[in-house]
Amino acid sequence: MKKMAAFAIVVTMAAAAWAAGGTEKGAAAPGASKAPAAVVSVWGWRSQDVDVWKAAEAALQAKGENVSIKYEVFPPTEYDSKLLVSLQGGVGPDIMYTRRLPGARTQALMDNNYLVALDGKVDLSNFTDVSLSFIRSGGKTWGVPFANQIVGIFYNTEIFAKYGLKEPATWAELLATAETLQKNGVTPFFATAKEAWTLAMQNAMVGVSYPGDAWIGKLAEGKAKFTDPEYVGMLKDLNDLKRYYQKDFSANVSAEQDVTFGMGQAAMVFYGIWGTTNWLKTNPDLKFGYFPIPPKDASLPAKAYTYMDGSYGLNAASKVQDAALKILGYAGTPGYGEAFSSLTGEMTALKGVKMPADRPVLVECYGLMNTIASTNRYWVGSPFDAGSPSVYNILQENMQAMYLDAITPEDLAKKLQDGISVWYPAFKK
Amino acid sequence: MLKRTMFLMLLPAVALYTLFVAYPFASSLGLSFYDWAGIGPKTFIGLDNYRNVLSGFMSTEFYRAFNHNWVFFFWSLVLSVVPGLFFAFLLAANMKGSGWLKVVFFFPNTLSIVVVGFLWSLLLNPQWGLVNQLFKAVGLGFLAHPWLGDMKLALPTIIFVTAWRGLGFYVLVYLAAMLGIDREETEAARIDGATETQIAFRIILPHLMPIIATTSILKFIWTFNIFDIVYAMEGSQGGPAGTTDVLGTLFYRIAFGGLGSSQTGMGLGATVVTLIFLVVFPVSILYVFVLEKRVERNA
């Protein structure tokens, strides 16, 4: 079924591209087809993108572009090392997936002239400034963003309807919702504390609504501290929330969450939009919705933690830069974004793209990206992740410790403040 | 002429050793004096990496991981040698079905460590894993625990799984050593009225001491290089809350950053590797020494 859908998209995109580019490109195509196609190698860590690149190749060829795309996938944990070693050996790809900024990995690629700045070479007008900010440095843009992620609480709409619950607007309402569910024998939250990164993510997504976007802005400027009552209060409330998690949550992982939430055995999960594909694989009939973390103070707006997931960078040593730029140019068009979202079930980083209608949560989250995304953050894609020890690393280990009662919320706040103060300029003062 | 021939015969082995052991180690040692993210220019920083690891911002994590390696070594040694000897004694007595038992004991050793880690992670799942389900089924529900999510139980659990996988190796090695003992000695002892326990402790065990020493040293070397089973069962963070972090996972996180973290520090990682080497190398020398003694004794 998925292969048929992919085939249909490839055919549709090819037909659309042919129709759009029609007359003039059509005339060039016969001549171009005589020369061997320029083979452009693309390296990435996302196996779910294989069909996307097939669709892109078909669309470009239908427009008369004589290019062929060779996409190679590497395990996410090995990708960066493989890329670094290959680039230094002069055998890297023409187009490489790059992590968002700020981050030492992409920074190193820029600093050592492995990447080409794309301003003026690729039309980036279809991206929002927020998306581009994750790959801009020194006034230049170093990649074409491919996906945006949004994290928050996903909930089973049928369970909510059964108990007459609605999306909570405040932290107190969230607790009342969890209480109602627990009293009725439903597991309110399925948490995956064995995977420490999910706890760091949970902390950060709660942070943008409570203590809030503006407070994080002050934190970044060094005008607020992790040890301030606002943040410690949040940690205490988060720690108290664990009474609504499943028993022995400290030993569960997200693969188990996919099954549990997918099968309707838990009402809510703290997760990201990328999880929806697996839930629907587990249970195609699952009915679920999304809401951002409700703020403690009703006067504060609920915000969503969003970030650009990565981008396509151009290798400065590529021998087929013209062909690679054609691909990158196409990756910056709404047509590409539509194919990306249809085939992967994730949010394209492009604006003005029609999300697949059979994914209502994707449609909703894509809209929310432009309305409630927080402007400040302290997890991935934040200035606090650009040094060592990063906020990410401190949160991972110590959120586990807090949930297991090995440290207090105050201890965790102090560890964050002390750890980041080692290197973060605004905290050093 | 003989010397020249010997030299030529040694050459391939020396070349391979130099290429795959000596050069990478020398390169790693050199790297430990630099600040290097894995790409671009390296900055010479002298002993700063050693200072950071031994007494600076990485020291808490380093000593915690170092301590875990010691705990891992001690308990996995106990859980390998004691049951290994016990089952080897039973098998040496030629009890019924001992052939099948040898296969059963050795089977886990044929599985990849990553597969073992994955399978045990499923078995130990707190909600539907077989281990907790079995405890509950036989009325021992109070023994059901979140094994890999408990700060006190996670490391012992991984040590147990490691010992379970390696047990067959120890059983077979000790069994082979027992079968090599001259039967006349044990039979003479029986005629003189020695009990089976006295024979086991006074005759068989002393004969096995050299092989126990050898396997213990090997266990030390393996344990201080351990990474895969912890990674497979707890990830590179060595969770929960760092309670299963060992030097191998610490090195991985420092050198490659780990998924989601943006920091990589090849120089700092190389420092950890060098320190692991400094611990393992003297023991490796001891291993060679013990091995040579055994060869001399048997000659």
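Quantities reported herein were computed from a predicted structural model and do not represent experimental measurements.

Re the overall build of chain B
Step number 1: Within chain B, the secondary structure is distributed over 12 helices and 2 strands.
Step number 2: Each of the three principal axes of chain B carries a C-alpha extent, and together these read 75 × 75 × 30 Å.
Step number 3: Among the 299 residues that make up chain B, the fraction classed as buried is 42%.
Step number 4: Intrachain contacts of chain B at a sequence separation of at least 6 include 65% that bridge at least 24 residues.
Step number 5: A gap of 3 Å separates the mean positions of the 18 positive and 15 negative side-chain charges of chain B.

Side note on a negative patch on the surface
Residue and element names in this part refer to chain B.
Step number 1: On the surface, Asp182, Glu184, Glu185 and Glu187 cluster together into a patch of negative charge.
Step number 2: Of note, Asp182 is situated in the loop between helix 7 (154–179) and helix 8 (183–191).
Step number 3: Judged by relative accessible area, which is 42%, Asp182 ranks as partly exposed.

Some points on the packing of aromatic side chains
The description of an aromatic ring pair rests on the distance of the ring centres and on the angle between the ring planes.
Step number 1: For the coordinates displayed, the defined rule picks out 71 aromatic pairs over all chains.
Step number 2: With a centroid separation of 5.3 Å and 75° between ring planes, the pair formed by B:Trp70 and B:Phe224 is classed as edge-to-face. With B:Trp70 in helix 3 (residues 59–92) and B:Phe224 in helix 9 (residues 196–224), this residue pair connects regions lying 154 residues apart in the sequence.
Step number 3: Here B:Trp70 falls in the partly exposed class, since its relative accessible area comes to 37%.
Step number 4: On the basis of relative accessibility, which here comes to 1%, the residue B:Phe224 falls in the buried class.
Step number 5: Put simply, the rings of A:Trp43, A:Trp45, A:Trp53, A:Tyr71, A:Phe74, A:Tyr79, A:Tyr97, A:Phe146, A:Tyr312, A:Tyr330, A:Tyr336 and A:Phe340 pair up and form one aromatic cluster.
Step number 6: When the ring centre of B:Trp36 is taken as reference, the NZ or CZ atom of B:Lys42 above it lies at 4.7 Å.

Description of the interface of chain A and chain B
Step number 1: Across the contact, 36 residues belong to chain A and 35 residues belong to chain B.
Step number 2: Of the roughly 2,800 Å² buried between chain A and chain B on both sides combined, carbon and sulfur atoms contribute 53%.
Step number 3: On the chain A side of the contact with chain B, A:Arg105, A:Lys194 and A:Glu397 bury the most area, a combined 20% of that side's loss.
Step number 4: For the pair chain A and chain B, the number of links is 1 salt bridge.
Step number 5: Its salt-bridge partner being A:Glu397, residue B:Arg64 comes within 2.5 Å of it at the nearest N-O pair.
Step number 6: Between the two partners, chain A and chain B, sit 7 residue pairs in polar contact (both at pLDDT 80 or more).
Step number 7: Broken down by element, the residue count for the side of chain A that touches chain B peaks at 6 residues, all from helix 15 (residues 391–403) of chain A.

Things to note about the environment of A:Leu84
Residue and element names in this part refer to chain A.
Step number 1: Here Leu84 is to be found in helix 3 (residues 76–88).
Step number 2: Among the residues examined, Leu84 registers a relative accessible area of 12% and is labelled buried.
Step number 3: Along the chain, Leu84 and Val253 lie 169 residues apart, while their C-alpha atoms are 30 Å from each other.

Some thoughts on the side chain of B:Ser121
Step number 1: Mapped onto the elements of the fold, B:Ser121 is located in helix 5 (residues 113–123).
Step number 2: Overall, B:Ser121 belongs to the buried group, its relative accessible area being 17%.

Focus on the pattern of salt bridges
Residue and element names in this part refer to chain A.
Step number 1: Within the structure shown, the criterion is met by 22 salt bridges over all chains.
Step number 2: The salt bridge partner of Lys223 is Glu221, with a shortest N-O separation of 3.1 Å.
Step number 3: When its relative accessible area of 62% is taken as the criterion, Lys223 is described as exposed.
Step number 4: For Glu221, a relative accessible area of 43% translates into the label partly exposed.
Step number 5: Linking Lys247 and Asp248 is a salt bridge whose minimum nitrogen-to-oxygen distance equals 3.5 Å.
Step number 6: Among the ionic contacts, a cluster of salt bridges with common partners joins Arg46, Asp49, Arg100, Asp309 and Glu346.

A word on the nonpolar core
Step number 1: One finds A:Tyr312 and A:Tyr378 to be the most contacted residues of the largest nonpolar core, which totals 144 residues.
Step number 2: With 11 residues, the top contributor of residues to this core is helix 8 (residues 196–220) of chain A.
Step number 3: B:Val171, B:Met178, B:Ile203 and B:Leu250 belong to the second-largest nonpolar core, a separate cluster that totals 40 residues.

Thoughts on the environment of B:Gly242
Step number 1: Structurally, B:Gly242 is set in the loop between helix 10 (228–234) and helix 11 (247–256).
Step number 2: Taking the C-alpha atoms as reference points, B:Gly242 and B:Phe20, 222 residues apart in sequence, are found 32 Å from one another.
Step number 3: What B:Gly242 contacts, discounting residues up to four positions off in sequence, is A:Glu397, B:Arg64, B:His68 and B:Gln237.

Let's talk about the pairing of strand 8 (residues 266–272) of chain A
All names here are of chain A.
Step number 1: For strand 8, the tally of buried residues reaches 7 of 7 residues, placing the bulk of the element in the interior.
Step number 2: For strand 7 (residues 187–189) and strand 8, the ladder comprises 2 bridges, and the chain directions are parallel. By the bridge assignment for strand 8, Phe189 is matched with Met268.

Remarks on the packing of helix 9 (residues 229–240) of chain A against helix 15 of chain A
Residues and elements named next belong to chain A.
Step number 1: With their axes 10 Å apart at the nearest point, helix 9 and helix 15 run at an angle of 55° to one another. Taken together, the axes of helix 9 and helix 15 are oblique relative to one another. In the packing of helix 9 onto helix 15, the handedness of the crossing is right-handed. Residues Tyr231, Leu235, Leu238 and Asn239 of helix 9 lie in contact with helix 15, whose contacting residues are Leu395, Met399, Met402 and Tyr403.
Step number 2: Classifying every residue of the contact of helix 9 with helix 15 gives 7 nonpolar, 1 polar and no charged.

Focus: the confidence of the model for chain B
Residue and element names in this part refer to chain B.
Step number 1: In this model, chain B carries an average pLDDT of 90, and 97% of its residues clear a pLDDT of 70 or more.
Step number 2: Within chain B, helix 12 (residues 266–298) has the poorest average pLDDT of any element, 86, and helix 6 (residues 130–137) the best, 96.
Step number 3: Across the interfaces of the predicted complex, the ipTM metric reaches 0.86, alongside a pTM of 0.86.

Thresholds applied
Residues numbered from 1 in each chain as written. Chains lettered and ligands numbered in written order. Predicted model: local features only at pLDDT ≥ 70, side-chain atom pairs only at ≥ 80, totals over all residues. Heavy atoms only, no water. Helix = DSSP H or I, 4+ residues; strand = E, 2+ residues; numbered from the N terminus. Buried < 20%, exposed > 50% of the residue type's maximum accessible area, 1.4 Å probe, protein only. Contact = heavy atoms within 4.5 Å. Lys, Arg positive; Asp, Glu negative; His and termini not counted. Charge placed at Lys NZ, Arg CZ, Asp CG, Glu CD. Patch = residues over 30% accessible without salt bridge, like charges linked within 9 Å, V, L, I, M, F, W, Y side chains within 5 Å. Areas by Shrake-Rupley, 256 points an atom, 1.4 Å probe, with all protein chains shown as cover. Salt bridge = Lys/Arg side-chain N within 4 Å of Asp/Glu carboxyl O. Phe/Tyr/Trp six-rings, centres within 6.5 Å; stacked < 30°, edge-to-face > 60°. Lys NZ or Arg CZ within 6 Å of the ring centre and 35° of its normal. Buried area = accessible area lost by both parts, 1.4 Å probe. Polar contact = N/O pair within 3.5 Å; in protein donor to acceptor, adjacent residues only side chain to side chain. Core = buried A, V, L, I, M, F, W, Y, C linked by side-chain atoms within 4.5 Å. Pairing = 2+ DSSP bridges. Axes fitted to C-alpha atoms, helices over the stretch in contact; angles between N-to-C directions. Parallel < 35°, antiparallel > 145°, perpendicular 65-115°, else oblique. Left-handed = near helix turned anticlockwise from the far one by under 90°. Nonpolar A, V, L, I, M, F, W, Y, C, P; charged D, E, K, R; others polar. pLDDT = per-residue confidence, 0-100.

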